[in-house]
Structure formats: structure tokens, C-alpha cells
Amino acid sequence: MVYKWCVVPQCTNTTISSPHKLFVSVPTNPKRRKMWLRLARRDPKSILAHTNVFMCEDHFNMEKDTINYLKYKMGFSQKILLADEAVPTKFHCQEDRRSRLPDAGPSREVFFKRQRIDIVTECLRRHSTTTHTESLQNDDMIQEIIEPKELPKTQDKETITDPIITVEKAVQATKKVNTHFRSKAVQTRCQNKSISTSPWKVSTISHFTSPINIKPCHLQPLQSEVVKAVKRNIFLVDEKSDSDISCFESGLLSPFGATSVKVTDSDSNVTDTNENIEKLQCLKNTLRLIEKKPLMYIGISKECYFLIELLHRHTNINREHILLCLKKIRLNSTFSELEDNFGISLSYASKLFLRNLPIISSFLKPFIVNLDKNLIKRNLPIAFRHNYHNVSCIIDCLEIDIQKPSKALHQALTWSEYKKGNTVKYLISCTPNGLVNYVSQGFGGRASDVTIVENCNFLDGLQQGTCILADRGFKHLEQILHEKGIKLLRPPSVNAGAKLSKTEVRQTKIIASLRIHIERVIRRVREFHMLKQHSVINTNICRVLDHVIIIACALINLQDSLIK
């Protein structure tokens, strides 16, 4: 690994101190190189023109300044590419430049907060002036109602002071705030209710501001002893707010004339029932679509749809759960889509898929049959009968892309030079008429074709005198097969720089035309979207990928014949 250090002054990032950071090479173009170094406050003359220097990712906006940032992060690209107009813009390591950087400027949240406080203060000031005016009007009205018109001249001062106290309580009972501001300072409506003026349910809406014509309630003069004995009771709608009064609970009208609405348990039960009905309807629609087009949704033809019922009887798995697993393999639907289609939770759909897949695989595995040599000869296609009647199987390898493993060892074992990514490789064998008769377990993409054949049990099921058709990649397998009495038929190969003869060219074309059947089988496997090219398998699903391949190959054998 090449040692790299950041050329920006006061930046201490290196490949040793910060191994997880990216280091971008400074351009060799004289103009761009000079501009980059000047932006970094590095003298261009202090570094030779041919010296390779670097800047770390802290000085760039990597998502905007690079072309393949997402591909690099996902592991599809081994080298990150900068845009032509990319320049370093972030220099937080330099103390004197922090205040002038656009990202490091002071936040304007304080300014907006102060502006909002000033607006609320101004509104409250206006509101207090309006409220004071209304209270003075209410004082005059209530004073005329409560105070007697003629008071005896011989009355004492103490008897006169009692009605003055009742006047203050009456004013508080009829006081109401109708102006509302959208602010944290004013969150509730000040609605007060008092029974000091009336024991009955009297509307507390002010007739000055109400849109409804409400006749004011004229009160009779009260005795001082009665007023002293009465206490004002306040009913709160919400215990968290001391200013909200439960006028609505007592059957009073709201300021807009609407009655209060209470949410009961029955309403929540109705909501749950409606959701259950919707889920049931979605499930019925999904099952109807699958029954109508089973080959498109789960990879089974209509003639073989009865296998779902047999699978349900032998494994005791619900039919809906079986269809969920098969639909996931066929269409590679996300678990969020399966949640909506089958009316279950996302986590439960994932658990069902991982738990039931091995059981379904064990039930369908007998459909991948290793046929007898004589039986294969009876059903041999016409193209094989003349010169290649001894061919009993055609072999090739299939690679499935997977997510980049977290461990370095697993990354190395699954890396494929052919696909330029992390893959899992399988050996697939089919008969000349297109039936899959063998599928190996998964191997890392690093393993060669010959290594897979040597380490799987494919050769154990072959009889002596059998002929295998393969491509040039299995060249080194010829010696192993010869020891077991098995013949390998492959296109002829020549040394570098040499040319094939006319006979070898003709033989290559004939073998290629016969080997095309294994490619057609692999194409049918790719029709299952989970195994499609460039559909990356999630790390959590990799542990059941062997079962997915077995299910796909078994369902292929149940479809129409590959060779008509």
C-alpha cells in the first residue's frame, strides 16, 4: 500500500492515521495544479511539477465533486473519479479560514428566533390593549346590573364594600380571549366558566365577538352573603394546560357553534376492523392474480398449480406463505411489497421467507433427477444422434452477484475477476434435452470451474463411458475425468499466436451449437428475478441462496420442454 499524506497545510491526515479516508491525487495539469495548491495555501513552487501529491476527502464535497461516488461506496467501482470542475473547498483544519467558509458561518436560527419573539411581543401588546378596552366595557355593564339604583343613606361602609368584590368575580367570569396568535407564547384559549352568576348551564360566549346572535344574560342583584358563599369551579379539558376550560364537556357550544367530539373505544375498534378488511381484500386480490397467471408470479404453470396443495399437505405450511416465498424468488419483490400484498408485517414476511425456504427446497429437490444413461439416449435430440450420441450431460457455471461482505477474508473468497465483483458460483448440469439433473452447493467467486467440479459430488453420480460436453474453461479437468473412465468433449484450443485449422473451426461451431442448450437453461434460471444479472443478493439472504437455486431449477423442470 502506497503511503499518502494530505498536502493541505495544518491537515494531519495520512493513510496511517486515517486509513478509512479517501485521498485524491492533485492534477498534473499545470493550471489546475497551481489553482488547487493556491486554494490550499501551499506554494506551488515548493512542490515539483512531476511529484505526485494528494488531498484527503475532508477538503471536498465527495457526492458533488465525484462522478461514481455511489458505485464506489457500493463496491462496483475500484477507483473514484473526480469531475472536471472539482476543486477543494473545505479547509476546516486552518483556524483563520473557518469564519470565512460558507459551511462554517453562524447559523441564522438566532436571528429568526429573535424576529419571532419581537412579533409575538407586539401582538401581545396589541392584544392587552384590546382586552383592557373590553374589560372596561364589561365593568360598566355589570356595574349597572349588580349595583342597586338607590342605596339607603344610613347604610354602613362595610355593607357597601361587599358588592364591589362580587363585581370583580363577575368580570373574571365573563372575560374571554378571542384573538389567537400562532406562537409558543399563546397556545391555549382562555375560556372561563363560573357558577357564581348562574347555577344553570349558561353560555359563556361573549356577545361582543360571537358570530351568533346571543342575547346577553341580565343578572339580578345578589345578596352579599350568597356571593361570599359561592366558590368558582374551573373544569379543565387537559390537565397539562391550566388555561383550557371544559366548557365543551358540559354541552356548551364552541365559539364556532360546533359541539364537541369524543373519541371512544368503539371508534378505535371500527378503525381496526376497517384495516383488517382492507388487508383481507388485498390478500384476496393477490391470490386471485396468482391463480390467474401463476407462471408470471411464482414460476409454476397452470397444469402444475396443484403442487401448491400437495406442498401444503406434506409440509403443513399455509398456502399464502408458500406463495409468498415463491413470489419473492420469482419477482424479487421487496418485503415491503409483500407486506401490502399479503396483509402481514414486514418483519414477519422476512421470517416466513427464511424459515420456510429450506422446507420448500427439500420438497422440490426430487424434481432434479439424475437420469440413467440409457434413458437419456432414448430421448436424445436429433442434433446429438449422429456424432454425439454418447453425450449424457452438458455442464457450465453460474455466478450470482451478492453484497460486499463485511469481513476482508470473505471479500477475497467471493471476488470474481470475470464479473469484477463479489459473487457466489454454482455448477449446473443439464441433459441434452434441457432437463436440469444436477446443481452444486455455492462456492466463492474466486474458485475456478475445475475446483468446483473436484470439490462437489458431481462426478460420483456419473457412469463409466459417459461423455460430458463443456467449454474451454474445463480444460484442466480432462485428466481427472480420464482416470474415472469419463470422456470430456470441449472445443479445441491452440497456443497463443497459432490459428485453428478448418477441421477444428468446424468442430468448434458444432460443439458451440450443442452447448447452447445449457445457456438456454441458465437463461431460464435468470428469469427468476432474484437470480437475475446485476440483482445483488442481500447478505441476510445469502445463507439460503442454495435453496433458492434448487427451487428455481426444480420449477424449470416443471415448465414446458426446452427443446420442442
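Going by what an unreviewed UniProt entry lists, the protein chain is known as THAP-type domain-containing protein and is assigned to Parnassius mnemosyne. For the protein chain, the Cofactor (unreviewed entry) comment in UniProt is given as "a divalent metal cation".

A. Fine view of the overall build of the protein chain. A count of helical and extended segments in the protein chain gives 19 helices and nine strands. The contacts in the protein chain between residues at least 6 apart in sequence include a share of 62% that link residues at least 24 apart.

B. Representation of the environment of Phe384 in the model. Note that Phe384 resides in helix H14 (residues 382-385). With a relative accessible area of 0%, Phe384 lands in the buried category. Taking C-alpha positions, Phe384 is 7.7 Å from Pro432, a pair spaced 48 residues apart along the chain. In this structure Phe384 touches His389, Val391, Ile394, Pro432, Leu469, Leu514 and His517, once residues within four positions along its chain are discounted.

C. Up close: helix H1 (residues 30-39). Of all the residues in H1, the buried ones are Arg33, Trp36 and Leu37. Buried residues of H1 fall within an arc of 95° about the axis and therefore sit on the same side. Relative to its buried face, H1 has exposed residues pointing more than 90 degrees away, namely Lys31 and Arg38. Among the structural elements, strand E1 (23-25) and strand E2 (54-56) are those in contact with the buried residues of H1. A distance of 3.1 Å separates the backbone nitrogen of Lys31 from a side-chain oxygen at the start of H1, and that oxygen is part of Asn29.

D. Examining the nonpolar core more closely. The biggest cluster of nonpolar side chains holds 72 residues, and the ones touching the most others in it are Phe353 and Leu545. Per-element tally for this core: the top contributor is helix H19 (residues 545-557), with 10 residues. Contact partners of Phe353, with chain neighbours within four places excluded, come to Cys325, Lys328, Ile329, Phe335, Met530, Ile541 and Val544.

E. Up close: unusual backbone geometry. Positive phi, close to 70°, is recorded for Gln10, a residue that is not glycine. Inspection of the secondary structure assignment puts Gln10 in the segment before E1. Despite not being glycine, Lys420 shows a phi value in the positive range, around 55°. Relative to the helices and strands, Lys420 is located in the loop between strand E4 (415-416) and strand E5 (421-430).

F. Inspection of the confidence of the model for the protein chain at higher detail. The pLDDT averaged across the protein chain works out to 77; a share of 73% of its residues lies at or above 70. In the predicted structure, residues 101-106 sits below a pLDDT of 50 and forms seven contacts with residues beyond four places in sequence or in another chain. With pLDDT under 50 throughout, residues 214-263 is counted as low confidence; its partners more than four residues away or in other chains account for 71 contacts.

G. Here's a closer look at a positive patch on the surface. There is a patch of like positive charges on the surface, built from Arg288, Lys292, Lys293 and Lys302. Looking at the secondary structure, you find Lys293 in the loop between helix H7 (265-292) and helix H8 (294-297).

H. Just a nonpolar patch on the surface, in detail. Together, Leu70, Met74, Phe76 and Val536 line one region of the surface with nonpolar side chains, adding up to about 420 Å² of accessible area. Looking at where Met74 falls in the secondary structure, it is placed in helix H3 (residues 69-74).

I. Representation of helix H12 (residues 346-364). Across its 19 residues, H12 extends 26 Å between first and last C-alpha, which sits within 8% of the 27 Å expected from 1.5 Å per residue. Along its length, H12 reaches its greatest deviation from straightness, about 35°, at Asn356, and the proline Pro358 lies no more than four positions downstream. Along H12, the residues classified as buried are Ala349, Leu352, Phe353, Leu354, Asn356, Leu357, Ile360, Ser361, Phe363 and Leu364.

J. A look at the side chain of His321. When you line up the elements, His321 lands in helix H10 (residues 319-331). Residues in contact with His321, not counting those within four places in the same chain, are Tyr348, Leu352 and Asn356.

K. Representation of the pattern of salt bridges in the model. For the structure shown, the criterion picks out 11 salt bridges. Note that Lys425 and Asp449 form a salt bridge whose closest N and O atoms lie 3.6 Å from each other. Pair noted here: Lys425 is in strand E5 and Asp449 is in helix H16 (residues 449-455), with a separation of 24 residues, a long-range link. Among the ionic pairs, Arg490 bridges to Glu478, the shortest N-O distance being 3.9 Å.

Cut-offs applied
Residues numbered from 1 in each chain as written. Predicted model: local features only at pLDDT ≥ 70, side-chain atom pairs only at ≥ 80, totals over all residues. Heavy atoms only, no water. UniProt positions renumbered as here; feature names shortened; annotations may be inferred. Helix = DSSP H or I, 4+ residues; strand = E, 2+ residues; numbered from the N terminus. Contact = heavy atoms within 4.5 Å. Buried < 20%, exposed > 50% of the residue type's maximum accessible area, 1.4 Å probe, protein only. Arc of directions from axis to C-beta. Polar contact = N/O pair within 3.5 Å; in protein donor to acceptor, adjacent residues only side chain to side chain. Core = buried A, V, L, I, M, F, W, Y, C linked by side-chain atoms within 4.5 Å. pLDDT = per-residue confidence, 0-100. Patch = residues over 30% accessible without salt bridge, like charges linked within 9 Å, V, L, I, M, F, W, Y side chains within 5 Å. Areas by Shrake-Rupley, 256 points an atom, 1.4 Å probe, with all protein chains shown as cover. Salt bridge = Lys/Arg side-chain N within 4 Å of Asp/Glu carboxyl O. Lys, Arg positive; Asp, Glu negative; His and termini not counted. Charge placed at Lys NZ, Arg CZ, Asp CG, Glu CD. Expected span 1.5 Å × (residues − 1). Bend = angle between axes of the 7 residues up to and from the residue.

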